[in-house]
Amino acid sequence: MKKLLGCFLCVMLLFFGVSGAQAYTLYFTSDHVTGGAGTPPFGQVTLTENLGDVTFLVSLYDGSQFVRTGAGDGMNFLFNANDIVLGDIFGSGLTAAEGPFSHGGGTFQYGVYFTGQGTGGSNAMSGPIGFTVYNSTIGDFMLDNGIGEIFVADIISGQTGNTGLVDASVPEPATMLLLGSGILCLGVFGRKKFKV
């Protein structure tokens with residue numbers, strides 16, 4: 001009975017951890033916009049993993065729009081990734097580029113922007129930005145740029161009219177702890193079960 005209860009708890013931890021890993025949302029809460037972007041959150045990035053591919057959906061709030069400025073190295077959206085190549089990134093109406101792209105002491109490896117979009121606030125685009133990265137998992141994108149940022153968007157704020165960067169930071173440790181605990185627990189019970 002004790003083993004059964006332990007296995008049940010492990011499965012529940014793994015279920016809640018894994019279901020969170022299949023569709024994961026981070027919010028743009030950090031403001032690097034000159035003059036300020038207003039009240040966060042400024043938007044969100046949702047990653048959905050399906051059959052070995054990850055789809056990104058990047059949306060902005062409060063009438064904010066994507067721009068291409070020097071602050072974002074001419075990219076609307078920046079990210080890092082493990083084990084992918086530029087050819088793995090596909091989005092209709094988007095151009096993907098490989099960096100390095102610098103931001104405030106941190107570096108990003110990849111960027112995307114709306115194809116044909118000019119630079120500056122007068123060429124803003126509403127979005128959302130949607131693209132797929134083939135042969136990847138959500139974990140491949142949970143990499144910070146060296147200063148705690150995972151994703152960055154170059155925006156013109158719908159609240160203030162100012163342009164600049166907003167970012168989504170490293171996920172809170174509790175989320176990662178939940179997933180890790182479930183996997184560890186299954187490993188321990190599995191080892192006891194199959195020990196000769």
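Everything below is about the structure shown above.
Now for a description of the structure that goes with this document. (Residues numbered from 1 in each chain as written. Predicted model: local features only at pLDDT ≥ 70, side-chain atom pairs only at ≥ 80, totals over all residues. Heavy atoms only, no water.)

1. Remarks on the overall build of the chain
Item 1. Across its full length, the chain carries two helices and twelve strands.
Item 2. Scored against the burial criterion, the 196 residues of the chain give a buried share of 38%.
Item 3. At a minimum sequence separation of 6, the contacts of the chain that also span at least 24 residues come to 66%.
Item 4. Total accessible area on the chain is roughly 9,900 Å²; 61% of this is exposed by carbon and sulfur atoms. (Helix = DSSP H or I, 4+ residues; strand = E, 2+ residues; numbered from the N terminus. Buried < 20%, exposed > 50% of the residue type's maximum accessible area, 1.4 Å probe, protein only. Contact = heavy atoms within 4.5 Å. Areas by Shrake-Rupley, 256 points an atom, 1.4 Å probe, with all protein chains shown as cover.)

2. Quick notes on the environment of threonine 55
Item 1. Examined against the element boundaries, threonine 55 turns out to sit in strand S4 (residues 53-60).
Item 2. A C-alpha to C-alpha distance of 4.2 Å links threonine 55 and threonine 132, two positions 77 residues apart in sequence.
Item 3. In this structure the side chain of threonine 55 is engaged in a polar contact, spanning 3.3 Å, whose partner is the side chain of threonine 132. (Polar contact = N/O pair within 3.5 Å; in protein donor to acceptor, adjacent residues only side chain to side chain.)

3. What to know about the nonpolar core
Item 1. Core analysis: the biggest nonpolar cluster contains 34 residues, and Phe28, Phe56, Phe77, Phe79, Phe131, Phe141 and Phe151 have the highest contact counts within it.
Item 2. Membership of the second largest hydrophobic core comes to eight residues, among which are Ala97, Phe101, Phe108 and Tyr113. (Core = buried A, V, L, I, M, F, W, Y, C linked by side-chain atoms within 4.5 Å.)

4. Brief notes about the environment of threonine 39
Item 1. Looking at where threonine 39 falls in the secondary structure, it is placed in the loop between strand S2 (30-33) and strand S3 (43-50).
Item 2. Not counting residues within four places of it along the chain, the set of residues in contact with threonine 39 comprises Asp62 and Gln159.

5. Here we look at the sheet that holds S3
Item 1. Taken together, the five strands give an open sheet; going across it, the order is S1-S3-S4-S10-S7, and neighbouring strands pair in antiparallel fashion. Both edges of this open sheet fall to strand S1 (23-28) and strand S7 (89-90), since each of them pairs with a single strand only.
Item 2. Taken together, the eight bridges between S3 and S4 define a ladder with antiparallel strand orientation. Paired with glutamine 44 across the bridge in S4 is serine 59. (Pairing = 2+ DSSP bridges.)

6. Some thoughts on the environment of alanine 168
Item 1. Within the secondary structure, alanine 168 is located in strand S12 (residues 163-169).
Item 2. For alanine 168 and phenylalanine 28, which are 140 residues apart along the polypeptide, the C-alpha to C-alpha distance reads 4.4 Å.
Item 3. Discounting residues that sit within four places of it in the chain, alanine 168 has contacts with Leu26, Tyr27, Phe28, Glu149, Ile150 and Phe151.

7. Quick look at the side chain of aspartate 167
Item 1. Its location among the elements puts aspartate 167 in strand S12.
Item 2. Buried and unpaired, aspartate 167 has arginine 68 as its nearest opposite-charge partner, separated by 19 Å.
Item 3. Among residues more than four places away in sequence, those in contact with aspartate 167 are Tyr27, Phe28, Thr29, Ser30, His32, Glu149, Phe151 and Val152. (Lys, Arg positive; Asp, Glu negative; His and termini not counted. Salt bridge = Lys/Arg side-chain N within 4 Å of Asp/Glu carboxyl O.)

8. Examining the packing of aromatic side chains
Item 1. This structure, assessed with the given rule, holds twelve aromatic pairs.
Item 2. Aromatic pair phenylalanine 77 and phenylalanine 131: ring centres 6.1 Å apart, planes at 55°, arrangement tilted. Placement of phenylalanine 77 in strand S6 (residues 77-79) and of phenylalanine 131 in strand S10 (residues 129-133) is noted, with a sequence separation of 54 residues between them. Take phenylalanine 77 and phenylalanine 131: they sit in the same class, and that class is buried. (Phe/Tyr/Trp six-rings, centres within 6.5 Å; stacked < 30°, edge-to-face > 60°.)

9. Some details on the side chain of threonine 132
Item 1. Counting through the fold element by element, threonine 132 comes out in strand S10.
Item 2. A relative accessible area of 17% means that threonine 132 is categorised as buried.
Item 3. Dropping the residues within four chain positions of it, threonine 132 is found in contact with Asp53, Val54, Thr55, Asp88, Ile89 and Phe90.

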